[in-house]
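# Inside the fold
Listed here are the chains, written in short residue letters.
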Amino acid sequence: MAAQITQEEMEEMREAFSKIDVDSNGYISTNELNDLFKAANLPLPGYRIREIIQNLMATGDLNNDGQISFDEFINVVHGLKSTEVAKTFRKAINKKEGICAVGGTSQQSCAGTQHSYSEEEKYAFVNWINKALEKDPDCQHVLPMDPNSDDLFSAVGDGLVLCKMINLSVPDTIDERTINKKKLTPFTIQENLNLALNSSSAIGCHVVNIGAEDLKEGKPHLVLGLLWQVIKIGLFADIEISRNEALIALLREGESLEDLMKLSPEELLLRWANYHLENAGVGKINNFTSDIKDSKAYYHLLNQIAPKGDDEGIPPIAIDMSGLREKEDLKRAECMLDQADRLGCRQFVTATDVVRGNPKLNLAFIANLFNKYPALHKPENQDIDWSSIEGETREERTFRNWINSLGVNPRVNHLYGDLADALVIFQLYEKIKVPVDWRRVNNPPYPKLGGNMKKLENCNYAIELGKNQAKFSLVGIAGQDLNAGNRTLTLALLWQLMRRYTLNILEDIGDGQKVNDDIIVHWVNETLAKAGKGTSISGFKDGQITTSKPVLDLIDAIQPGSIRYDILKFEDLSDEEKLNNAKYAISMARKIGARVYALPEDLVEVKPKMVMTVFACLMARGMKRV
């Protein structure tokens, strides 16, 4: 299938699917299949649509609710994709409004390959970056960018803008001391781009098939794809109950706190918008695409969240609602955005983006509104078990980011709830070369009665694969533990998956030679000794790792002269100084090309599991030396 449907076509079809899948549950009804083919620029006659539905029913590929998943849609397209259909598809893609086409972008691309990108997204991202970095002294050589030009694609070429945007989305991801800022050369630019890519991966971006050369050359669809991931992670950072308890105001009658905590950021944003629309006495919306095209919902939302002067020190901002009377959608949208500008929130969308219902940009617009003016208050005197609201631990965040960086579908927002049906676990097994019999897997939507039993069957199969195929140590772990979200036992499985993934990389580099902890420790010490370093480690629990010196020495051994020892301290260290060293070490590891997921605190506290991954990733980088 991959040979016949390109990644670009796959992304375009996924975007088309999301436009029709208005409630974002991953499925569309058979009644919407015709609309989906139109959105994907593959219009088919009515009789052909009916034949497809009948075939799905006959082969049992259509679930009992008569719904179609994205994968099922792709299988249909794959079956249809004759030469004539393929030509129609590509021709239609190149004619889409707001879409530009550029030539092939990799050595694997055949002659004439086209990659499309959105002018609207470029325009929105440029304006967002200009505003976000306007006072950053290190970016003045490329800012402000002209959103109507291709400035963006050249501006990201030295890695500086990308590094800065990553730190804006997830503060302190990159140690500023490791960014090359002045007198940039091809080598130091390559380092910046390595740092940006590996740091993107560490915060959960999917960067497979994106290389430093792609960014240096400013390949539009790859640049925009990476930027969207980074920006989205930043926009969604606080749309989580453990970080914003006021979100509990969105709890519905008869709903448990656990139910609310399972919602994705997109679902919480939709509920937040409807909460305010309900208070305004107007109809709810089901999506941020077709339901917002007339701007009326946006108008009422702005009016609800605008400061009323109740909070001390915040002056009131009145929203002029007269624009609602505009008869033309485009003029009404422009008037609405003028009001959003009064709140300092005219970002991401133009009036045209609103009227067209651009899914990405309208989602970003709403997220920015929420972040600036949530207009929610933590409920008082409600029977809520506040102790049950636990924030994500560092270990959990590391695992979640690692999982998302591998491009699993759907994206994992809440580690335990999103693993409860094991579908993501099965994808991870395939990443570590453990074959999955997908015929044994139950796929959503799950029936209301017995739905959890289907999920439990998946979890039982996931544990079976771990024991029999992967040969994991899963003593005392059952499918029920995964299904119920048992923290300790779920993390035990995830650790073994991550460990195997890391060791597989080493084995691939070493022509299949098996690797274990002792081999990694031996390689580390041998490399340090050959470089004349005075450090060594006895294992991944070695107390001196808390200073980060063995890690820093190993980085300098792999890439001599890379570590600035003059800015570091190793004697009589305070906790702050240890953390200072660790932040530098983790960023430097990423800068020389090691895809490290561990956090600085893991080194300071000498967490052996995460310490192992740091040394293993550095070993992989060291073994790649020519």
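Higher on the page you've got the structure.
Conventions adopted
- Residues numbered from 1 in each chain as written.
- Predicted model: local features only at pLDDT ≥ 70, side-chain atom pairs only at ≥ 80, totals over all residues.
- Heavy atoms only, no water.
- Helix = DSSP H or I, 4+ residues; strand = E, 2+ residues; numbered from the N terminus.
- Buried < 20%, exposed > 50% of the residue type's maximum accessible area, 1.4 Å probe, protein only.
- Areas by Shrake-Rupley, 256 points an atom, 1.4 Å probe, with all protein chains shown as cover.
- Axes fitted to C-alpha atoms, helices over the stretch in contact; angles between N-to-C directions.
- Parallel < 35°, antiparallel > 145°, perpendicular 65-115°, else oblique.
- Left-handed = near helix turned anticlockwise from the far one by under 90°.
- Contact = heavy atoms within 4.5 Å.
- Nonpolar A, V, L, I, M, F, W, Y, C, P; charged D, E, K, R; others polar.
- Core = buried A, V, L, I, M, F, W, Y, C linked by side-chain atoms within 4.5 Å.
- Salt bridge = Lys/Arg side-chain N within 4 Å of Asp/Glu carboxyl O.

## As for the overall build of the protein
Check the secondary structure of the protein and you find 27 helices and four strands. By the burial criterion, 52% of the 626 residues in the protein qualify as buried. Split by element, the accessible area of the protein, about 29200 Å² in all, is 48% carbon and sulfur.

## Some points on the packing of helix α6 (residues 119-132) against helix α11 (residues 220-236)
The N-to-C vectors of α6 and α11 enclose an angle of 55°; their axes lie 11 Å apart at closest approach. Of the possible angle classes, the one that applies to α6 and α11 is oblique. The handedness of the crossing between α6 and α11 is left-handed. Contacts between α6 and α11 involve Glu121, Lys122, Phe125, Trp128 and Ile129 on the former and, on the latter, Leu224, Leu227, Trp228, Ile231 and Leu235. Partitioning the contact of α6 with α11 into residue classes produces eight nonpolar, no polar and two charged.

## What to know about the nonpolar core
Ranked by internal contacts, the top residues of the largest apolar core, which has 93 residues, are Leu152 and Trp272. Counting residues per element, this core draws most heavily on α11, which supplies 11 residues. Aside from chain neighbours lying at most four places away, what touches Leu152 is Lys122, Val126, Ile129, Met145, Val223, Leu224 and Leu227. Of all hydrophobic cores here, the second largest spans 79 residues; its members include Val408, Leu465, Ala589 and Ile592.

## Focus: the packing of helix α13 (residues 265-279) against helix α17 (residues 359-372)
The interhelical angle for the contact between α13 and α17, taken along N-to-C directions, is 70°, at an axis separation of 10 Å. Between α13 and α17, the angle is such that the two are roughly perpendicular. Note on packing geometry: the crossing formed by α13 with α17 is left-handed. Seen from α13, the contacting residues are Glu266, Leu269 and Trp272; seen from α17, they are Leu363, Ile366, Ala367, Leu369 and Phe370.

## Points about the pattern of salt bridges
Taken as a whole and assessed by the stated rule, the structure comprises 36 salt bridges. Put simply, Glu191 and Lys591 hold a salt bridge, and the shortest N to O gap is 3.9 Å. Placement of Glu191 in helix α9 (residues 186-202) and of Lys591 in helix α25 (residues 575-591) is noted, with a sequence separation of 400 residues between them. Judged by its relative accessible area of 8%, Glu191 falls in the buried class.

## Digging into unusual backbone geometry
In this chain, Leu143 is followed by Pro144 through a cis amide linkage whose omega measures -5°. Mapped onto the elements, Pro144 comes out in the loop between α6 and α7 (151-155). In this structure, Pro445 follows Pro444 across a cis peptide bond, with omega equal to 5°. Inspection of the secondary structure puts Pro445 in the loop between α19 (423-431) and α20 (451-468). Even without a glycine there, the phi angle at Ala375 is positive, about 50°. Summarising the element assignment, Ala375 is placed in the loop between α17 and α18 (394-405). Look at Ala375 and you get partly exposed, because its relative accessible area is 33%. At Lys471, a residue that is not glycine, the phi angle is positive and equals roughly 60°. For Lys471, a relative accessible area of 63% corresponds to the exposed category.

## Some words on the environment of Ile317
With respect to the helices and strands, the residue Ile317 is situated in the loop between α14 (296-305) and α15 (329-342). For Ile317 and Ile305, which are 12 residues apart along the polypeptide, the C-alpha to C-alpha distance reads 9.7 Å. Once residues lying within four places of it in the same chain are set aside, the contact partners of Ile317 are Ala306, Pro307, Arg342, Leu343 and Tyr373.

## Here's the deal with the side chain of Thr613
Relative to the assigned elements, Thr613 resides in helix α27 (residues 608-623). Among residues more than four places away in sequence, those in contact with Thr613 are Trp495, Thr502 and Ala598.

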